[in-house]
Amino acid sequence: MILPYCEPYKIKTIETIRQSTRQEREEWMKNASYNMFNLKSEQVFIDLLTDSGTGAMSDRQWGAIMTGDESYAGASSYFRLKEAIRDITGFEYFLPTHQGRAAENVLFSVLVKEGDIIPGNAHFDTTKGHIEFRKAKAVDCTVSWARDITNRDPFKGNADLGHLEQVLKDTPREKLGCIVMTVTNNTAGGQPVSMANLRGVRDLADRYGVLLVIDSARFAENAWFIKTREEGYTDKSIREITREMFSYADAMTMSSKKDAIVNIGGFIGMKDRELFRKASTFNIMFEGYITYGGMSGRDMNALAQGLYEGTEFDYLSARIGQVTRLGEKLHAAGVPVQMPIGGHAIFIDAGKFYPQIPASEFPAQRLAVEIYLEGGIRGTEIGTLMADRDPVTRGNRYPELELVRLAIPRRVYTDNHMDYVAAAVQNVWEGRETVRRGLAIRWEAPIMRHFTVELDLLG
Ligand code: F0G
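The present account deals with the structure reproduced in this document. (Residues numbered from 1 in each chain as written. Predicted model: local features only at pLDDT ≥ 70, side-chain atom pairs only at ≥ 80, totals over all residues. Heavy atoms only, no water.)

### Some details on empty space enclosed by the protein
Across all of its chains, the model carries three cavities of 30 Å³ or more by this definition. Approximately 170 Å³ is the volume found for the largest cavity. Taken together, 17 residues form the lining of the largest cavity, with Glu-104, Phe-124, Ala-217, Ser-255 and Lys-258 sitting closest to its centre. Of the voids in this model, the second largest cavity is the one considered here, and its volume is about 70 Å³. Glu-7, Tyr-9, Tyr-315, Ala-318, Arg-319, Gln-322, Pro-409, Arg-410, Arg-411, Val-412 and Tyr-413 are the residues that line the second largest cavity. Of the residues that constitute the lining of the second largest cavity, the class distribution is six nonpolar, one polar and four charged. (1 Å grid on protein atoms, 1.4 Å probe; cavity = no way out; pocket = protein on both sides within 12 Å on 5 of 7 lines; lining within 4 Å. Points joined across faces, edges and corners; volume = space filled by probe spheres on them. Nonpolar A, V, L, I, M, F, W, Y, C, P; charged D, E, K, R; others polar.)

### Concerning the packing of aromatic side chains
Tallying each qualifying case throughout the model produces 14 aromatic pairs. Centroid distance Phe-37 to Phe-451: 5.0 Å. Interplanar angle 65 degrees. Geometry classified as edge-to-face. In this pair, Phe-37 is assigned in the loop between helix H1 (22-31) and strand E1 (46-47) and Phe-451 in the loop between strand E13 (439-443) and strand E14 (454-457), connecting sequence segments 414 residues apart. Here Phe-451 falls in the partly exposed class, since its relative accessible area comes to 27%. With 5.0 Å between their ring centres and 70 degrees between their planes, Phe-353 and Trp-429 make a pair best called edge-to-face. Taken together, the positions of Phe-353 in helix H13 (residues 350-353) and Trp-429 in helix H16 (residues 415-430) put the pair 76 residues apart, joining distant regions of the chain. On the accessibility criterion, Phe-353 (1% relative accessible area) is buried. (Phe/Tyr/Trp six-rings, centres within 6.5 Å; stacked < 30°, edge-to-face > 60°. Helix = DSSP H or I, 4+ residues; strand = E, 2+ residues; numbered from the N terminus. Buried < 20%, exposed > 50% of the residue type's maximum accessible area, 1.4 Å probe, protein only.)

### Considering the site of the ligand
Looking at the ligand, there are 17 residues lining it, with Thr-50, Arg-101, Ser-255, Lys-258 and Arg-405 nearest. The separation between an oxygen atom of the ligand and a polar side-chain atom of Arg-218 is 2.9 Å. Coverage of the ligand by the protein chains reaches 94% of its 470 Å² of free accessible surface. More than half of the atoms of the ligand fall within 2 Å of the grid points belonging to the largest cavity. Top contributing element to the shell around the ligand by residue count: helix H4 (residues 100-111), with three residues. Residues that form the shell around the ligand fall into these classes: two nonpolar, eight polar and seven charged. (Near = heavy atom within 4 Å. Polar contact = N/O pair within 3.5 Å; in protein donor to acceptor, adjacent residues only side chain to side chain. Areas by Shrake-Rupley, 256 points an atom, 1.4 Å probe, with all protein chains shown as cover. Sits in = over half its atoms within 2 Å of the grid points.)

### Description of the environment of Asn-427
Structurally, Asn-427 is set in helix H16. Sequence separation of Asn-427 and Thr-127 is 300 residues, and the distance between their C-alpha atoms is 35 Å. A polar contact is formed between the side chain of Asn-427 and the side chain of Glu-374, at a distance of 2.9 Å.

In short, the description is geometric, and any link to function would need to be established separately.
Written out as C-alpha cells, the structure reads:
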C-alpha cells in the first residue's frame with residue numbers, strides 16, 4: 001500500500017476555538033451588515049477568510065524571533081533574509097516591505113504611470129488597485145478555460161500567450177509598464193502556472209522589450225504543482241524549481257504572509273541594480289530604510305526561516321494534500337467547485353449553486369453568509385462585490401464566475417476540521433432551493449468596496 005501524505009511536524013501549542021448556535025450567528029451576521037470582514041474572530045469557529053498571515057509558525061521561527069537584530073541599518077536579520085531570498089529565488093537585490101501590497105506600491109511607483117497597460121494572468125485585487133490608482137489598466141490574459149470549473153487542465157493559472165502577445169502588439173512600447181504573472185493564480189482558484197508558460201511569457205517580454213514581474217505570494221505551492229504535474233520536473237527539488245521560475249523574471253513582489261508562513265511581511269526581489277536604486281527611494285519614503293523596510297529584525301528572522309520551511313516538498317505535499325482532500329469531498333457530494341483543486345483554497349461556484357439569484361444580488365455573498373450561518377465557517381466572496389465598479393462608467397463589473405473562496409491557513413487546522421467544513425457545506429448544498437434572493441448594498445466605498453461594504457438581506 002502507498003503510505004498517505006502526512007504532516008512533517010507535530011503540534012506543540014494549541015489555541016481554543018468556540019462553537020456557537022445558529023441563533024447567535026444570525027444576530028452577529030446581521031450586526032456585521034452581512035460583511036464577513038465585520039465579524040469578530042470570536043464569532044467564527046473555522047476561519048477560512050484567508051490563508052494570508054494566518055499560518056502557524058514553527059518552534060524554529062519563534063526561536064529566530066528571539067535572536068532578531070533591531071538595528072536601524074545593516075541588521076544581521078536583514079543579511080540573513082537576503083541570503084535566504086538569494087538562495088530560494090536567485091534575486092541579487094531585495095527590499096523588505098511590510099506586506100505584499102506595499103511591495104506593489106513601491107515597485108509600481110517606479111514601473112507604472114498614468115495610461116499604462118499592465119497585462120498578465122489575473123491580477124490580485126490589491127495589485128489591480130495599485131495599477132488603477134495610478135490610472136493605468138490591468139489586462140487579464142488568463143487562459144479562457146480557467147473560467148470553466150469542470151476543465152481539468154493541470155495549469156489553469158497560465159496566461160494565454162496569444163492574447164498576451166496581442167495586447168503587447170496593440171500597445172505602444174512606452175505605455176507597457178510591465179507584465180505581471182501571479183503564481184499561483186489566486187483569482188482563477190489558486191491554479192498553477194507552468195514553467196513552459198513562464199518561459200513563453202519571458203520570450204514575449206524579451207521580444208516586446210518589457211519587464212516581467214512575478215507576484216509570488218504562493219510561489220512554493222506553484223513549484224510543487226510544477227514538480228508533480230509538469231514533465232521534466234519530477235526529480236528536481238522545490239528550490240531548484242523556484243530558482244528556475246524566478247530566473248525568467250526581472251523582479252518579484254512577495255506577500256510573505258502566504259507561502260513564507262509568517263504573520264506579516266513582504267519584499268521585492270530584483271535583478272537590476274538601477275531598478276533597485278530607484279525603488280529604494282520609494283521604499284525609504286513609504287516603508288522604511290532599505291535594510292528593514294516595514295519589518296522588525298525579529299520578523300525578518302522568522303521570514304528567513306519560513307522561506308526554507310515553506311519550500312520543503314513534504315510540507316507542501318501535506319499542505320496541498322489537505323486542501324485537495326476537502327475539495328474532492330465537496331466535489332464527490334456534487335458541490336460545484338473549481339477543478340482541479342488549487343493550492344490554497346476551495347472555490348465554490350455560487351452561480352451554479354444558486355442559479356435563481358441574479359449577479360446583481362451577489363449570489364456568492366449570499367452563499368458565504370449561508371455557510372457561516374450553518375457552521376460558523378467564514379469564507380469570502382470573489383464575485384461581483386469584489387469585482388468592484390468600472391472606474392470609468394461606475395457600473396458593476398460582472399465577472400464570469402461568482403465564487404466563494406474557502407482559504408485554508410497553513411499548519412493550523414486538522415483534517416477533522418476539514419471534515420466539519422465539508423459536512424456544513426453539504427448541508428447548505430442540500431438546502432440550496434430554499435434560498436430565493438441575494439443581498440442589496442446599503443453603503444459602499446469608491447474602491448475595493450468588498451472590505452467595508454454594508455449589505456441588507458433580501459429575504
Ligand atoms: N498578491 C496575491 C496573489 C495575493 O493573494 C495577495 C494577498 C497580495 C498580492 C497582497 O499581499 O495581503 O500581503 O498585502 N492576498 C490575500 C488573500 C489578502 O486573502 O488572498 P498582502
